[in-house]
Amino acid sequence: DTPDAPPVIDEESLIYSQQAVKVVPASAEYVATENDMEDKDFDVKFYDSKARTAYEVEVSKATGEVREYKMELKGYEGSPNAVLSVEDVKQIVLKEYPDAAFKAVKLDVDKETGLKEYDVKFSTKAVIGDYDINPENGQVVEKDIRYIGK
């Protein structure tokens, strides 16, 4: 087994992995598919080494639909500066989800390091979302999207 060898997965996992590929960037490479017996889902993992970003997509075994999408920028600790306002941060979410209703938008400050990031909780008719956003440049550094009714 060489490091460059493609992962070997069974046919059922492959079907669910193909659903997950549709929601991650093309630059993200497939890592693994985990069979989550407790939740009756497949957790399909991807990683984009250039962007240093990990993705996890939860696919329902029953329907084959994507139930949850997560992304995380690895190595991000926060920003020393909070340049963006709450309204600026809301606009970042609204670009992706124009009908977002905000439940909470708060600037979190790490007590030990003083580093900051915005935590944004919102919902639409189709999703419940939680974003962590760099308060200096507006980059979404962590995302958790749960699709309602799936």
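Residues numbered from 1 in each chain as written. Predicted model: local features only at pLDDT ≥ 70, side-chain atom pairs only at ≥ 80, totals over all residues. Heavy atoms only, no water.

Participant: Please clarify how the sheet that holds strand β8 (residues 140–147) should be interpreted in this entry.
Facilitator: Note on sheets: strands pair through backbone hydrogen bonds, and any given pair is parallel or antiparallel. As summarised here, the arrangement of the eight strands in space is β1-β2-β3-β4-β8-β7-β6-β5, forming an open sheet in which the pairing is antiparallel. In this open sheet, the two strands that pair with only one neighbour each are β1 (29–36) and β5 (101–109). Each strand of the sheet is rotated relative to its neighbour by a mean of 15°, with strand direction disregarded. In terms of strand pairing, strand β3 (residues 53–60) meets strand β4 (residues 66–73) through seven bridges, oriented antiparallel. Residue pairing for β4: V59 is matched across the bridge by V66. (Pairing = 2+ DSSP bridges. Helix = DSSP H or I, 4+ residues; strand = E, 2+ residues; numbered from the N terminus. Axes fitted to C-alpha atoms, helices over the stretch in contact; angles between N-to-C directions.)

Participant: How do you make sense of the packing of aromatic side chains when you look at a structure like this?
Facilitator: Aromatic rings considered in pairs are described by the distance between their centres and by the relative angle of their planes. Counted under the stated rule, the structure contains five aromatic pairs. A ring pair is formed by Y30 and F46, whose centres lie 6.0 Å apart and whose planes are at 80°; its orientation type is edge-to-face. With Y30 in strand β1 and F46 in strand β2 (residues 41–48), this pair connects stretches of sequence that are 16 residues apart. By relative accessible area, which is 24% here, Y30 ends up partly exposed. Arranged with centres 5.5 Å apart and planes meeting at 40°, the rings of Y97 and F122 form a pair that is tilted. Taken together, the residues Y97 in the loop between α2 (86–96) and β5 and F122 in strand β6 (residues 116–123) connect sequence positions 25 residues apart. (Phe/Tyr/Trp six-rings, centres within 6.5 Å; stacked < 30°, edge-to-face > 60°. Buried < 20%, exposed > 50% of the residue type's maximum accessible area, 1.4 Å probe, protein only.)

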